[in-house]
Amino acid sequence: MPQHRQLTVGLIGAGRIGSNHAELLARAVPETLLALVADPVEGAAARLATALGVERAATDLGGVLADPALDAVVITAPARFHAGLVEQAAAAGKAVFCEKPAGMDLEEIERVARAVEEHGTVFRVGFNRRFADGFPQARRAVDEGRLGTPQLLRSTTRDPGLADPAAVAPWTIFRETLIHDFDALNFLNPGARAVEVHAVADALVAPEHKDAGLLDTAVVTVRYDNGAIATAEASFSAAYGYDTRAEVFGSGGMATVGELAASSLRLYGPEGLSADTLRCDTQSMGRAYAAELRSFALAALGRPAGTGPEDPAEAPGVDAAREALRIALACIESCRTGAPVRLPASGAGR
């Protein structure tokens, strides 16, 4: 494609995260032209398109995927539709950015992998922490040997609340929440693969929904084939804001990343010390969302990736999707059996 050309994008899924990504594509990523918004729910795409000044809206997803005017699609539909949409988009010759997870099980991930390989598709999955402030720099410190050999790792996701517990599908805490942490741990422990997973989870936020399959609190231990031991934890009820942090401890030092405060302002008064905190993912990960979409656009346009401090050592594709999901699925098995789950150390790498 010519160097000056924008990537013409169609977005599929006009919900909360789709609306966020649509605004970024339309207003914050200069390499993209958001030409179409699609959603099967009547009126959803039209409302979002109108708000952003996007010319076209559609409810027919098949028509969108076959549209020759589109270079790429950004998939922000519900997770259960991701794999099928990726397959269709790849077959139609589109570059594809897909929100996590890329599939609900490993069979779906392999279908995605085959489609991407067969059609030579540029594919990225939305693991935004690789682009979040501090995370690429921490990975660079690991790559440069500044922390020595990774020994202990930790990643945390604490969401600010459950608006509707009944709407949360079983195992969401692993497949759609902690999957970010599993990718972050993999990213910060490069070249290693998870070999054992032990998960403990419960419904502590909304216990009345436990019988329906809701788990809202979890702690996971992951052992890697390089000897490193990692922990990941999640809660759907952080009263103080949106909290995502990570830590790498190695034989030569330690790196911590993740910021909860909304600014450097600290207020000192009779009640003590206080600070404003970030309240949602679109606040704390706003720049990361824009950066991952820009990285995808540059790859689809065949342009060199960025070299700034926010650029990750490796952009997340099929292998990253597979590796994070295999940990998430092992967590589900571990919860069902109450025992650690062994995973093969050999196989596809990241």
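This is a predicted model, so every value here is computed, not measured.

Peer 1: I tried to follow the nonpolar core on my own but got confused; where do I start?
Peer 2: Among the nonpolar cores identified, the biggest contains 108 residues, and F123, F174 and V220 are the most heavily contacted of them. Here this core gets 10 residues from one element, more than from any other, and that element is helix 10 (residues 318–337). Here this core gathers at least three residues from each of two domains, domain 1 (7–125) and domain 2 (130–280 + 322–342).

Peer 1: What am I meant to see in the UniProt feature "domain: Gfo/Idh/MocA-like oxidoreductase N-terminal" (unreviewed entry) in the chain here?
Peer 2: As annotated by UniProt and renumbered to match this structure, "domain: Gfo/Idh/MocA-like oxidoreductase N-terminal" (unreviewed entry) occupies residues 8–127. Spanning residues 8–127, this segment combines 42% helix with 22% strand, and its end C-alpha atoms are found 22 Å apart.

Peer 1: How do you make sense of the layout of surface pockets when you look at a structure like this?
Peer 2: Empty space among the atoms can be located by rolling a probe the size of a water molecule over them. By volume, the largest pocket is sized at about 1,400 Å³. For the largest pocket, the lining is made up of 46 residues, of which R16, I17, K100, T172 and E176 are closest to its centre. When residues of the lining of the largest pocket are traced back to their parent elements, those giving at least two are helix 1 (16–27), helix 4 (82–91) and helix 7 (172–188). Residue classes in the lining of the largest pocket are distributed as 24 nonpolar, 11 polar and 11 charged. Among the domains, domain 1 (7–125) and domain 2 (130–280 + 322–342) are the pair contributing at least three residues each to the lining of the largest pocket. Of the voids in this model, the second largest pocket is the one considered here, and its volume is about 690 Å³. In terms of lining residues, the second largest pocket is bounded by 33 residues, among which F131, A132, D133, R287 and A288 are the most central. It is helix 9 (residues 286–300) that provides the largest number of residues to the lining of the second largest pocket, a total of 8 residues. Split by residue class, the lining of the second largest pocket holds 17 nonpolar, 8 polar and 8 charged.

Peer 1: Please clarify how the sheet that holds strand 15 (residues 341–342) should be interpreted in this entry.
Peer 2: Two orientations exist for strands paired in a sheet by backbone hydrogen bonds: parallel and antiparallel. Within the open sheet, the 7 strands sit side by side as 12-11-7-10-9-8-15. Their pairing is mixed. Edge positions in the sheet fall to strand 12 (253–257) and strand 15, since each of these pairs with one other strand and no more. The pairing of strand 9 (residues 217–224) with strand 10 (residues 229–235) spans 7 bridges and is classified as antiparallel. Looking across to strand 10, one finds that V222 is bridged to A230. Contacts from helix 10 reach strand 8 (194–202), strand 9 and strand 15 within the one sheet, and its direction differs from that of strand 8 by about 55°.

Peer 1: Just checking my understanding: could you explain helix 6 (residues 135–143) for this structure?
Peer 2: For the α-helix, the turn length of 3.6 residues means that residues three or four positions removed from each other point alike. Among all positions of helix 6, only F135, P136, A138, R139, A141 and V142 are buried. Among the structural elements, strand 7 (150–158), helix 7, strand 11 (243–250) and strand 12 are those in contact with the buried residues of helix 6. Remark: G145 follows helix 6 within two positions and exhibits a positive phi of approximately 80°.

Reading the values: the criteria
- Residues numbered from 1 in each chain as written.
- Predicted model: local features only at pLDDT ≥ 70, side-chain atom pairs only at ≥ 80, totals over all residues.
- Heavy atoms only, no water.
- Core = buried A, V, L, I, M, F, W, Y, C linked by side-chain atoms within 4.5 Å.
- Buried < 20%, exposed > 50% of the residue type's maximum accessible area, 1.4 Å probe, protein only.
- Helix = DSSP H or I, 4+ residues; strand = E, 2+ residues; numbered from the N terminus.
- Domains from an automatic or database assignment.
- UniProt positions renumbered as here; feature names shortened; annotations may be inferred.
- 1 Å grid on protein atoms, 1.4 Å probe; cavity = no way out; pocket = protein on both sides within 12 Å on 5 of 7 lines; lining within 4 Å.
- Points joined across faces, edges and corners; volume = space filled by probe spheres on them.
- Nonpolar A, V, L, I, M, F, W, Y, C, P; charged D, E, K, R; others polar.
- Pairing = 2+ DSSP bridges.
- Contact = heavy atoms within 4.5 Å.
- Axes fitted to C-alpha atoms, helices over the stretch in contact; angles between N-to-C directions.

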